[in-house]
Amino acid sequence: MIKYVGVNDHQVDLFEGQYKVPNGMSYNSYLLLDEKIAVMDTVDIHFSDEWIMNLQKELKGNAPDYLVVLHMEPDHSASLQNFIKTFPNTTIVGNAKTFPMITQFFPELALNHKLEVKDGEILDLGSIKLKFVFAPMVHWPEVMIAYDLTNKALFSADAFGKFGALDVEEDWKEEARRYYIGIVGKYGVPVQTLFKKVAGLEIQTIYPLHGPILKENLNYYLDLYQTWSSYQPESRGVCIAYTSIYGNTKKAIDLLVKELGDYPCETFDLARCDMSLAISKAFQYETLIIASPTYNGGVFPPVEAFLHGLIERGYQNRHIGIIENGSWVPAVKKYIYQYFEKSKDITFMEENVTIKSSLNNENILQIEQLVKAIKQA
């Protein structure tokens, strides 16, 4: 039997100190009740007491035989020391990279009972048999997932997670995309490697460390992860990311959106929006338009942050158009070309727009040509 014993966090405002989570977070932990009892991961330290109470309620006086540590990031491992104080005879299960991290996070903690497992090894709980599959750099080096051979359940660590607490209803895809691109997006190749390792497994349920348990239409979630981790566009359409100091660049964006008509597009003022959302949307669509005033010989600082976020996460396989503005020497286009010079499969549109201070009739014609190029991309 598999029981959920995780917690919801509505205290956090920034996950990992940078991602806005208006609907909170869940820190998931699971209790496997069999001939042997196993706990799958702990929770954030701020919810340690609540989590241990959840465990004790379901254990009904019993003690766990194993605590399986799939991932050592503190939102999942920080309650490990409190767990051992409560259940001192429990065996901690990890791999060769797990235990040095435990020592790093808890230098005074003595691990009197530990079991080091290898890739492909099976932990026999009775009817439940957990097969461990190592997933290095998805998205830490010690990460592993576990497959329940009996119930065909995948304990997926941070994979298939999302922002948002479990007591809030919201669209899974939007917050899962923002979570994946923001946190795991750089590691598409390791994710693809993991997909190959689990390709032959029949999966009926996915138990992630954040977000809801996934039971139905699993191909929907698996297909999205294939798309995201292979850096392919998810949707036809355009993400428009811009900044405007005195409003002239924004006038160009307003005209662009008007000319696009009903063509799918989403627009983000990078000086005001949630940057993680803008970055995730750039990965969603096949085309990206970047618009910026020239600022100190480059782009406006929020655009700089946006570009860094894209490059850091391996942005590729997209079309990019540029709208630049400059009262002296417009330099945005040149700067963006340089920024993406090492990126894979970036196609720059020839129909760029160069504004000198404010829109003129030539710029209006350029925007019309850019719209045609977007729709034909």
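Before reading on, note that the structure itself is shown above.
A quick note: this is a predicted structure, and the numbers were derived from the prediction, not measured.

Caption draft 1: Main features of the sheet that holds strand E12 (residues 129-134). Taken in spatial order, the 5 strands make up an open sheet running E11-E12-E13-E14-E15, and their pairing is mixed. Both outer strands of the open sheet, strand E11 (122-124) and strand E15 (205-207), are each paired with one neighbouring strand and no more. Recorded for the sheet is a direction-independent mean angle of 20° between the axes of neighbouring strands. Two strands pair when backbone bridges link them, and E12 and strand E13 (residues 144-148) are joined in this way by 5 bridges, in the antiparallel orientation. The residue of E13 that forms the bridge with Phe 132 is Ala 146.

Caption draft 2: Structural view of the layout of surface pockets. In this structure, the largest pocket occupies an estimated 380 Å³ of space. What lines the largest pocket is a set of 17 residues, among which Pro 293, Thr 294, Asn 325, Gly 326 and Ser 327 lie closest to the centre. Among the elements that line the lining of the largest pocket, the one with the most residues is strand E18 (residues 285-295), at 3 residues. Here the lining of the largest pocket is composed, by residue class, of 7 nonpolar, 10 polar and no charged.

Caption draft 3: How the structure looks around the nonpolar core. In terms of nonpolar packing, the biggest core is built from 105 residues, with Leu 130, Phe 155 and Leu 288 touching the most fellow members. Per-element tally for this core: the top contributor is helix H5 (residues 172-184), with 7 residues. When near neighbours in sequence (up to four residues on either side) are disregarded, Leu 288 contacts Cys 239, Ala 241, Ala 282, Phe 306, Leu 310, Tyr 315, His 319, Ile 320 and Gly 321. Listed in part, the 20 residues of the second largest apolar core include Tyr 242, Leu 260, Tyr 263 and Ile 289.

Caption draft 4: Geometry of the pairing of E18. Along E18, 9 of the 11 residues are buried, which leaves the element largely enclosed by surrounding structure. Alignment of strand E16 (residues 235-242) against E18, held across 6 bridges, turns out to be parallel. Within E18, the position partnered with Cys 239 by the bridge is Leu 288. In this structure, E18 lies alongside strand E20 (residues 318-325), joined through 7 bridges in parallel fashion. Residue Ile 290 lies in a different strand from E20, and its bridge partner there is Ile 322. Where E18 and strand E19 (residues 298-299) come together, 2 bridges link them in antiparallel fashion. Residue Tyr 295 lies in a different strand from E19, and its bridge partner there is Gly 298. The turn joining E18 and E19, which pair antiparallel and follow one another in sequence, is formed by 2 residues; a positive phi near 50° is taken by Asn 296.

Caption draft 5: Focus on the sheet that holds strand E7 (residues 38-40). Taken together, the 6 strands give an open sheet; going across it, the order is E1-E6-E7-E8-E9-E10, and neighbouring strands pair in mixed fashion. One side of each edge strand has no neighbouring strand; the edge strands of this open sheet are strand E1 (2-4) and strand E10 (114-116). Going from strand to strand, the sheet's axes swing by 20° on average, the running direction of each strand aside. Across 3 bridges, the pairing between strand E8 (residues 66-68) and strand E9 (residues 91-94) is parallel. The residue bridging Leu 67 from the neighbouring strand is Ile 92, located in E9. Contacting E1, strand E6 (30-32) and E7, helix H1 (residues 48-59) runs over the sheet at an angle of about 25° to E6. On top of the sheet, helix H4 (residues 98-105) reaches E9 and E10; it is set at about 120° to E9, its chief contact.

Caption draft 6: Expanded view of the environment of Ala 278. Here Ala 278 is to be found in helix H9 (residues 275-284). Take Ala 278: its relative accessible area is 0%, and that puts it in the buried class. Between the alpha carbons of Ala 278 and Gln 11 there is a distance of 24 Å; along the sequence they are 267 residues apart. Not counting the four nearest positions on each side in its chain, Ala 278 is found in contact with Cys 239, Phe 268, Leu 270, Cys 273 and Phe 306.

About the cut-offs
Residues numbered from 1 in each chain as written. Predicted model: local features only at pLDDT ≥ 70, side-chain atom pairs only at ≥ 80, totals over all residues. Heavy atoms only, no water. Pairing = 2+ DSSP bridges. Helix = DSSP H or I, 4+ residues; strand = E, 2+ residues; numbered from the N terminus. Axes fitted to C-alpha atoms, helices over the stretch in contact; angles between N-to-C directions. 1 Å grid on protein atoms, 1.4 Å probe; cavity = no way out; pocket = protein on both sides within 12 Å on 5 of 7 lines; lining within 4 Å. Points joined across faces, edges and corners; volume = space filled by probe spheres on them. Nonpolar A, V, L, I, M, F, W, Y, C, P; charged D, E, K, R; others polar. Core = buried A, V, L, I, M, F, W, Y, C linked by side-chain atoms within 4.5 Å. Buried < 20%, exposed > 50% of the residue type's maximum accessible area, 1.4 Å probe, protein only. Contact = heavy atoms within 4.5 Å.

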